[in-house]
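The chain contents come next:
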Amino acid sequence: MADEVNRRDFVGKAMGVGAALGFSRQLAALPPQGRVVGANDRINIGIIGVGTRGGGLLRQLVRMSEKNDKIKIVAVCDVYEKRKREAQERSKAEFATLDYRELLDRKDIDVVIIATPDHWHAKMANEAMDRGKDVYLEKPMTHTLEEARQVWQMSAQTKRVLQVGSQTTSADQWWKARKVIQDGLIGQLLMSQGSYHRNSREGEWNWKIDPEAGPDGKGDNFIDWKMWLGAAPKRAFDADRFVRFRKYWDYSGGIATDLFYHVVAPLNICWGEAQFPYRVCGMGGIYVFKDREVPDTFTLTADYAKGHSLVLSSSMANSTHIPGLIRGHEGTIVMVDHGMFEGRTDHITVTGEPRFKEEFTKRTGGEMKLVIPVEDKGPDAHMQNFLDSVRSREKPTLDALTGYKAMVTIQMAVDSYREGKILYWDEAKHKVVDRPPKLA
């Protein structure tokens, strides 16, 4: 018990003060925690946060458990009594709580699903891994860059499996594009582009509010507002902030963190290696929906030290996408011609540049355009990949390091927009800087 207390005291202090890079080396000396799940063992699951997204994951896991008795939801948690009760009834979990710490303290839980507002992601994930539990962490990985680095370090040093929940990264098109690039078919990588567009009369994230629910609510209507706020700035209860938190900087990065994560993460897979950016700029504004702090229209541009660029477009007031593609010096890959990175597609297209016809056709058997079929892996692929990794201890599709590198690009774009300037990433120091750092 003394060893466990000392470990938690150390980790708590490290997480709380934003540990220096030496943190990971210190943590490496601490003993590993948690059960190793065998091939025939049942994986016991706890879910923290069962609102819109977490409720969807709960329903997915219930469906999967009905087909496979080797996985089971044993505990659920939410600060909203109604959600907690309904989740327990739907999942038949034996335990339900308003306090996530009670869930993490259970020795029978192997895996924790975290689908809370962004500002809770890092703290819960780190505490779960410290208690020897593997983690499925909904996107965005964290609320800040420092938190993302800490989650990556904790995963590496505790040897816990962490999957970031951008489910599209388990789709086949990114991996087919990755092979095309690795085979040299499009030559030197130059530019990737993508988008995430939506439109509505009400404005994105304006989910329905229950006027009876709140910290003074009785029974099903009770919300533990103090717990929900956590380390965020203290405020009187605000139902709009509780239900529509993605509109506010205290808990979210808006479009960039909620939606661009589904674009930047799969592109990092396509490139063949996840990469930190070198230079990032975020621009946009609140042009239509004035009920929020975050922009309703946003663009991200980034340059990478390997010698290529990224251009992303988004608006919550116009639903027209641009194709998701990667340009090389000798050819172009279109991964999603409809532009919807989370949408289904049955092919990718590779087209050669006319000036490189001889080289391109030599590799393709005479064709200047290839249509490569992709497999539909179904809606459970990402979660199944995570559960398989829990058993095998192999790296999942969207591991902590890949998730961290994607988070750096996205959060730098948010900070660039808010600060009104281009920002640079010093990879040697894992730090955002105002001036171009020296490249290795």
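Just so it is clear, the structure is predicted and the values come from calculations on it, not from any experiment.

> When you look at the overall build of the chain in this model, what are you seeing that I'm missing?
In terms of helices and strands, the chain carries 15 helices and 16 strands. In summary, the chain has a C-alpha radius of gyration of 22 Å against a globular reference of 22 Å for 440 residues, a match within 12%. By sequence separation, contacts in the chain at least 24 residues apart represent 68% of the contacts at least 6 residues apart. Counting every atom, the chain has about 19,400 Å² of accessible surface; 50% of that belongs to carbon and sulfur. Between the mean site of the 64 positive side-chain charges and the mean site of the 60 negative ones, the chain shows a separation of 2 Å.

> Is there a simple way to think about the pairing of strand S15 (residues 423-426) in this case?
Residues in a regular strand point their side chains to alternate faces of the sheet. Neither face of S15 is open: one carries Leu 423 and Trp 425, the other Tyr 424 and Asp 426, and all of them are buried. Pairing analysis gives two bridges linking strand S8 (residues 277-285) to S15, with the strands arranged antiparallel. For Val 280, the partnering residue across the bridge sits in S15 and is Leu 423. Between S15 and strand S16 (residues 431-433), which pair antiparallel and follow one another directly, the connecting turn spans four residues, one of which, His 430, has a positive phi of 50°.

> Mind showing me how you'd approach helix H15 (residues 400-419) here?
The periodicity of an α-helix, 3.6 residues per turn, causes residues three or four places apart in sequence to face the same way. Helix length check: H15, at 20 residues, gives a terminal C-alpha distance of 27 Å against a target of 28 Å (1.5 Å per residue), a fit within 8%. Here H15 lies mainly inside the structure; 15 of its 20 residues are buried. Positive backbone phi, at 70°, marks Gly 420, one or two positions downstream of H15.

> I tried to follow unusual backbone geometry on my own but got confused; where do I start?
Comment: phi is negative for the bulk of residues other than glycine, and the bulk of peptide bonds are trans. At the junction of Lys 139 and Pro 140, the peptide bond is cis and its omega measures out at -10° in the coordinates. Look at His 430: it is not a glycine, yet its phi comes out positive at around 50°. Topologically, His 430 is positioned in the loop between S15 and S16.

> What am I meant to see in the pattern of salt bridges here?
Side chains that differ in charge, positive against negative, can pair when their charged atoms come close. This structure, assessed with the given rule, holds 34 salt bridges. Notably, a salt bridge pairs Lys 176 with Asp 172, separated by 2.6 Å at the nearest N-O pair. Residue Lys 176 and its partner Asp 172 are both found in helix H8 (residues 172-182); the two are separated by four residues, about one turn of the helix. By relative accessible area, Asp 172 is classed as buried at 7%. Residue Arg 246 is joined to Asp 258 by a salt bridge in which the shortest nitrogen-to-oxygen separation is 3.2 Å.

> I keep staring at the sheet that holds strand S5 (residues 134-138) and nothing clicks. Help me out?
Two orientations exist for strands paired in a sheet by backbone hydrogen bonds: parallel and antiparallel. In space, the six strands of this open sheet follow the order S3-S2-S1-S4-S5-S6, with parallel pairing throughout. In this open sheet, the two edge strands, each paired with only one partner strand, are strand S3 (95-97) and strand S6 (162-165). Here the average twist between neighbouring strands, direction ignored, is 20°. With four bridges connecting them, strand S4 (residues 111-114) and S5 associate as parallel partners. For Ile 114, the partnering residue across the bridge sits in S5 and is Leu 137.

> So what exactly am I meant to see when it comes to the pairing of strand S11 (residues 324-328) here?
For S11, the tally of buried residues reaches four of five residues, placing the bulk of the element in the interior. Inspection of the sheet shows strand S7 (residues 189-197) paired to S11 by four bridges, in the antiparallel sense. Residue Gln 193 lies in a different strand from S11, and its bridge partner there is Leu 325. Between the end of S11 and the start of strand S12 (residues 331-336), which pair antiparallel, lie two residues.

> I keep staring at the environment of Gly 403 and nothing clicks. Help me out?
Here Gly 403 lies in helix H15. C-alpha of Gly 403 to C-alpha of Gln 163: the two residues are 240 residues apart in sequence and 8.3 Å apart in space.

> I tried to follow helix H6 (residues 121-130) on my own but got confused; where do I start?
In terms of burial, H6 is largely enclosed, as nine of its ten residues are buried. All of the buried residues in H6 are His 121, Ala 122, Met 124, Ala 125, Asn 126, Glu 127, Ala 128, Met 129 and Asp 130. Note on H6: the residue one or two positions beyond its end, Gly 132, has a positive phi of about 85°.

> Is there a simple way to explain the side chain of Thr 297 in this structure?
When you line up the elements, Thr 297 lands in strand S9 (residues 297-304). In this structure Thr 297 touches Ile 255, Met 283, Gly 284, Gly 285, Tyr 287, Ser 314 and Ser 315, once residues within four positions along its chain are discounted.

> Looking at this model, I keep getting lost on the nonpolar core. Mind explaining?
Across soluble globular proteins, nonpolar side chains show a tendency to be buried alongside one another. Core analysis: the largest hydrophobic core is formed by 93 residues, its most contacted members being Met 141, Leu 162, Tyr 261, Leu 267, Ile 326, Ile 333 and Met 335. When residues of this core are assigned to their parent elements, the largest contribution, nine residues, is made by H15. Contacts of Ile 333, omitting those with residues within four sequence positions, involve Ala 177, Val 180, Ile 181, Ile 186, Gly 324, Leu 325, Ile 326, Ile 348, Thr 349 and Val 350. Within the second largest apolar cluster, 25 residues are counted, among which are Ile 43, Ala 93, Val 161 and Met 383.

Basis of the calculations
Residues numbered from 1 in each chain as written. Predicted model: local features only at pLDDT ≥ 70, side-chain atom pairs only at ≥ 80, totals over all residues. Heavy atoms only, no water. Helix = DSSP H or I, 4+ residues; strand = E, 2+ residues; numbered from the N terminus. Rg over C-alpha atoms; globule rule 2.2 N^0.38 Å. Contact = heavy atoms within 4.5 Å. Areas by Shrake-Rupley, 256 points an atom, 1.4 Å probe, with all protein chains shown as cover. Lys, Arg positive; Asp, Glu negative; His and termini not counted. Charge placed at Lys NZ, Arg CZ, Asp CG, Glu CD. Buried < 20%, exposed > 50% of the residue type's maximum accessible area, 1.4 Å probe, protein only. Pairing = 2+ DSSP bridges. Expected span 1.5 Å × (residues − 1). Salt bridge = Lys/Arg side-chain N within 4 Å of Asp/Glu carboxyl O. Axes fitted to C-alpha atoms, helices over the stretch in contact; angles between N-to-C directions. Core = buried A, V, L, I, M, F, W, Y, C linked by side-chain atoms within 4.5 Å.

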